[in-house]
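# Reading the structure
These are the residues of each chain, in order.
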Amino acid sequence: EARRMRANPRDDVARLRRGLWYCLIAGMLCAQTFLLGKCCVELLKVTILGVSDELRHGQSFLIMAALLVAGIGNIAYLNAALDIVDVTLVGPFTFTVFLILSLVNGIVFFDIADRFSANQAFFVGVGSAMLLSGVYSLSYPKHTDKYSGISTDAEETTKLI
């Protein structure tokens, strides 16, 4: 359910900023959960195939615990963002952060930075910036112009028609 806008636009902007921070943290935790999941699968694969018994090391269990903590944190921050910001902002913004960080994590994890050109990195950055600016502009709090009395909110406009 979409939240109703408060009378003071400053409250709406503060709520939007807090929601964006929650989305940013949720996206970062999601990307780290994904990376930690890859690590856990590799540890289990090596152990099951008999190459090495990685489960005898304490660090393996620390990675698994970190996976659990990051996953729970991801859900908590995503839920907090959804409580104060519309889902049309939370989904795309969180996914964009997740996608960018997963790309970087994958490049580092698989050690393929030498195969990733500067041109490709530039266009990933441009595309991400375009997506984020579009999401932000479409979800920016809308309010009535105090001079003309015209609402900039689509719901209010359709009520007048």
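Residues numbered from 1 in each chain as written. Predicted model: local features only at pLDDT ≥ 70, side-chain atom pairs only at ≥ 80, totals over all residues. Heavy atoms only, no water.

As a further point, take the overall build of the protein chain. When helices and strands are tallied, the protein chain shows five helices and zero strands. Taken from the N to the C terminus, the helices and strands of the protein chain come in the order α-α-α-α-α. When contacts within the protein chain are restricted to residue pairs at least 6 apart in sequence, long-range pairs at least 24 apart make up 69% of them. Total accessible area on the protein chain is roughly 11,100 Å²; 67% of this is exposed by carbon and sulfur atoms. (Helix = DSSP H or I, 4+ residues; strand = E, 2+ residues; numbered from the N terminus. Contact = heavy atoms within 4.5 Å. Areas by Shrake-Rupley, 256 points an atom, 1.4 Å probe, with all protein chains shown as cover.)

Within the chain, aspartate 111 stands out as a residue other than glycine whose phi angle is a positive 50 degrees. Of note, aspartate 111 is situated in the loop between α3 (87–109) and α4 (118–139).

The next thing to look at is the nonpolar core. The biggest cluster of nonpolar side chains holds eleven residues, and these are Leu16, Leu20, Cys23, Ala81, Ile84, Val85, Leu89, Val90, Phe93, Val97 and Val135. No other element matches the four residues that α3 contributes to this core. (Core = buried A, V, L, I, M, F, W, Y, C linked by side-chain atoms within 4.5 Å. Buried < 20%, exposed > 50% of the residue type's maximum accessible area, 1.4 Å probe, protein only.)

A complete count under the given rule lists zero disulfides for this structure. Not part of a disulfide, cysteine 39 finds its nearest cysteine sulfur in cysteine 40, a span of 6.9 Å. Judged by relative accessible area, which is 19%, cysteine 39 ranks as buried. (Disulfide = S-S within 2.5 Å.)

With that out of the way, let us pick up the confidence of the model for the protein chain. Averaged over all residues, the pLDDT of the protein chain equals 82, while 81% of them reach at least 70. At the low end of the mean pLDDT range in the protein chain sits helix α5 (residues 154–160), at 45; at the high end sits helix α2 (residues 58–84), at 96. Between residues 147–151, whose pLDDT stays under 50, and residues either more than four places distant or in other chains, the model counts eight contacts. In this model residues 156–161 is a low-confidence stretch, pLDDT under 50, and it forms two contacts with partners more than four residues away in sequence or in other chains. (pLDDT = per-residue confidence, 0-100.)

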